[in-house]
Amino acid sequence: MSPVHETLAALAESYGVATSYVDGAGQARVATPETLVAVLRALGAELEKPAAAGAALAAREAALAARVLEPVIVAWDGELPRLRFWLPASAARGRWRVEVSGDEVDATASGSVAELPVVERRTLGAQERLAREAPLGFHLPLGYHALRLELGRRVVSARVIAAPRQAHVDAAVGEQRAWGVFAPLYALHGRHPHGVADYGDLAQLLDTVAGLGGNFVGTLPLLPVFLDELFAPSPYSPVSRLFWNELFIDLDAAVGEAGTRAARELLEATSFARELRELSRLELVDYRETMQRKRQVLQLLAAAAWAGPRRAELEAFVAAQPWVDDYARFRAVT
């Protein structure tokens, strides 16, 4: 590796950017210098080409050394007993004040800088800098919070992430080993050939896994996506995070619940059933065509619901959750 590339790799490391990885096939992949330059620029590095990595690295090291407070602080299990910050050795006077604010929290602490213990020292050029630790004793609810550090007239901010040390453990499982199944809905073979498996099939999988002694079922996000025009079916690019994907509605259950004759006749029509079977036999899910068929049934169900005895119930639901109307209008115009 040339000196320029070594310096570029060191710069990438200082930003937490990996320069190589091994892919799923076991093949080593090494990032090109051009790729690293593009990524580092996106992260704020003043870098136009690999040859400028030396100057960018020096600027990065100086910025890190001059940093008063880490931009992100983790409070494990919500505990934030103390706060470390850096100041020049000459800045030993004045007072400090820390405030953490956010949902369900508003905690403050203050004191004299001179009374804080020095826990680390470093030299930046000709200047000595000292790390001091302020006692806080904060217990924060899990989530994201804003921290504000006042040092005289100087104010420094940081994000506090109060995070659990371990993932949630179901009380029914306790400390025992658990097992389950991960299966995206498009990988399931549905009870009925409706182009793609649905929420009813997912429920059946849950029952099957539970019956075998399993503890969980995982799947891909089930949030709504664009399935017409626009067309963007990726579950990781949802239209909204407040609603479910109508593609996976169990048509049999929906028609049975609504009890509308027109929807049932369409669902049971020979030609319509044949189209759904053909879609179900495809090697890959045809999202656009499947949604087009399902929408025909859903439109009949919607029309019957608004014209029937459940209209008052639906109106009350929308009134209690006004974002439903906003979402419906948005989907209608797209």
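Above this text you will find the structure in question.
First, a word on scope: everything that follows refers to the structure included in this document. All residue numbers refer to positions counted from 1 along the written sequence of the respective chain. Local features in this predicted model are restricted to residues of pLDDT 70 or higher, and side-chain atom pairs are both shown and tallied only at a pLDDT of 80 or more, whereas totals for entire chains, interfaces and linings draw on every residue. For side-chain calculations, the full set of non-hydrogen atoms in the structure is used, while hydrogens and water are omitted.

### Describing the overall build of the chain
Okay, step 1: Secondary structure elements are defined from DSSP: runs of H or I of at least 4 residues count as helices, runs of E of at least 2 residues count as strands, and each element is numbered from the N terminus. Looking only at helices and strands, one finds 10 helices and 14 strands in the chain.
Okay, step 2: Our radius of gyration is a C-alpha quantity, and the globule rule it is checked against amounts to 2.2 Å times the number of residues to the power 0.38. At 29 Å, the chain has a C-alpha radius of gyration far larger than the 20 Å of a compact globule built from 334 residues.
Okay, step 3: Overall, the C-alpha framework of the chain stretches about 85 × 50 × 50 Å when taken along its three principal axes.
Okay, step 4: Here the term buried applies to any residue with accessible area under 20% of the maximum for its type, exposed to any over 50%, and partly exposed to those in between, with areas from a 1.4 Å probe on protein chains only. Across the 334 residues in the chain, those meeting the buried criterion constitute 31%.
Okay, step 5: In this description, contact between two residues means that some pair of their heavy atoms is separated by no more than 4.5 Å. Contacts in the chain between residues at least 24 apart in sequence constitute 59% of all its contacts with a sequence separation of at least 6.
Okay, step 6: Note on areas: Shrake-Rupley, 1.4 Å probe, and residue coverage restricted to the protein chains presented here. Accessible surface, the chain as shown: approximately 20900 Å² in total, 53% of it carbon and sulfur.

### Some thoughts on the sheet that holds strand β6 (residues 105–112)
Note: strands within a sheet are paired through backbone hydrogen bonds, in either parallel or antiparallel orientation.
Okay, step 1: Strand order in the open sheet formed by five strands is β3-β10-β9-β5-β6, with mixed pairing between adjacent strands. The open sheet terminates on both sides in strands that have one partner only, identified here as β3 (72–76) and β6. Between one strand axis and the next, the sheet turns by 25° as a mean value, whatever way the strands run. DSSP calls a pair of strands paired once it identifies at least 2 bridges connecting them. Angles shown run from 0 to 180 degrees and are taken between the N-to-C directions of axes, each axis being a line fitted to C-alpha atoms and, for helices, limited to the stretch in contact.

### Looking at the environment of L202
Okay, step 1: Inspection of the secondary structure puts L202 in helix α4 (residues 199–211).
Okay, step 2: Linking L202 and L40, residues 162 residues apart in sequence, is a C-alpha distance of 42 Å.
Okay, step 3: In this view, L202 contacts L185, V217 and L222; residues no more than four positions away in its chain are not counted.

### Considerations on the environment of F182
Okay, step 1: Examined against the element boundaries, F182 turns out to sit in strand β11 (residues 180–182).
Okay, step 2: Considered as a pair, F182 and T219 are 37 residues apart in the sequence and their alpha carbons are 5.5 Å apart.
Okay, step 3: Leaving out residues up to four positions away in the same chain, F182 has contacts with G218, T219 and L220.

### Topic: helix α10 (residues 323–333)
The α-helix winds at 3.6 residues per turn, so residues separated by three or four positions along the chain end up facing the same way.
Okay, step 1: Listing the buried residues of α10 in full gives V324, Y327 and R331. Buried residues of α10 fall within an arc of 65° about the axis and therefore sit on the same side. Facing away from the buried side of α10 by more than 90 degrees, the exposed set consists of D326, R329, A332 and V333.
Okay, step 2: Turning to α10, the residues buried within the fold contact α9 (311–320). Comment: arc refers to directions from the helix axis out to C-beta atoms.

### Some words on the environment of A178
Okay, step 1: Mapping A178 onto the fold places it in the loop between β10 (154–163) and β11.
Okay, step 2: Distance from A178 to G213, taken between C-alpha atoms, is 9.2 Å for residues 35 residues apart in sequence.
Okay, step 3: For A178, the residues in contact, after removing those within four places along its chain, are V173, N215 and F216.

### A closer look at unusual backbone geometry
Okay, step 1: The omega torsion across E229 and L230 is 5°, close enough to zero to call that bond cis.
Okay, step 2: Structurally, the position occupied by L230 is in the loop between β13 (226–227) and β14 (231–232).

### Remarks on the sheet that holds strand β4 (residues 79–88)
Okay, step 1: Taken together, the three strands give an open sheet; going across it, the order is β4-β8-β7, and neighbouring strands pair in antiparallel fashion. This sheet does not close on itself; its edge strands, each paired only once, are β4 and β7 (118–124). Taking each pair of neighbouring strands and ignoring which way they run, the sheet shows an average axis angle of 25°.
Okay, step 2: Alignment of β4 against strand β8 (residues 127–139), held across nine bridges, turns out to be antiparallel. Looking across to β8, one finds that R84 is bridged to E133.

### Notes on the packing of helix α7 (residues 270–280) against helix α8 (residues 287–307)
Okay, step 1: α8 packs onto α7 with a crossing angle of 150° between their chain directions and a minimal axis gap of 10 Å. Put simply, α7 runs roughly antiparallel to α8. For the pair α7 and α8, the sense of crossing is left-handed. In this structure, α7 contributes F272, E275, L276 and L279 to the contact, and α8 contributes E289, T290, R293, Q296 and V297.
Okay, step 2: Of the residues assigned to the contact of α7 with α8, the class counts are four nonpolar, two polar and three charged. Convention used here: angles under 35 degrees read as roughly parallel, angles over 145 as roughly antiparallel, angles from 65 to 115 as roughly perpendicular, and any remaining angle as oblique. Crossings are classed by handedness, with left-handed meaning an anticlockwise turn of the near helix from the far one by less than a right angle and right-handed meaning a clockwise turn. Classes in brief: Ala, Val, Leu, Ile, Met, Phe, Trp, Tyr, Cys and Pro nonpolar; Asp, Glu, Lys and Arg charged; the others, Gly included, polar.

### Regarding the packing of aromatic side chains
A ring pair, where both rings are aromatic, is described by two values, the distance of the centres and the angle of the planes.
Okay, step 1: Only Phe, Tyr and Trp rings are paired, with Trp represented by its six-membered ring, and only when their centres lie within 6.5 Å; those with planes under 30 degrees apart are stacked, over 60 edge-to-face, the remainder tilted. Using the criterion set out here, one finds three aromatic pairs in the structure.
Okay, step 2: When the centroid spacing of 6.0 Å and the interplanar angle of 75° are considered together, the rings of Y199 and F248 count as edge-to-face. Of this pair, Y199 sits in helix α4 while F248 sits in the loop between β14 and α5 (251–258), and the two are 49 residues apart along the sequence.
Okay, step 3: Owing to a relative accessible area of 9%, F248 belongs among the buried residues under this scheme.
Okay, step 4: Sitting over the ring of Y15, R60 keeps its end group 3.9 Å from the ring centre.
Okay, step 5: Its guanidinium or amino end placed over the ring of W86, R122 lies 3.7 Å from that ring's centre, counting from NZ or CZ. Sitting over a ring, as applied to charges here, requires NZ of Lys or CZ of Arg to be within 6 Å of the ring centre and within 35 degrees of the ring normal.

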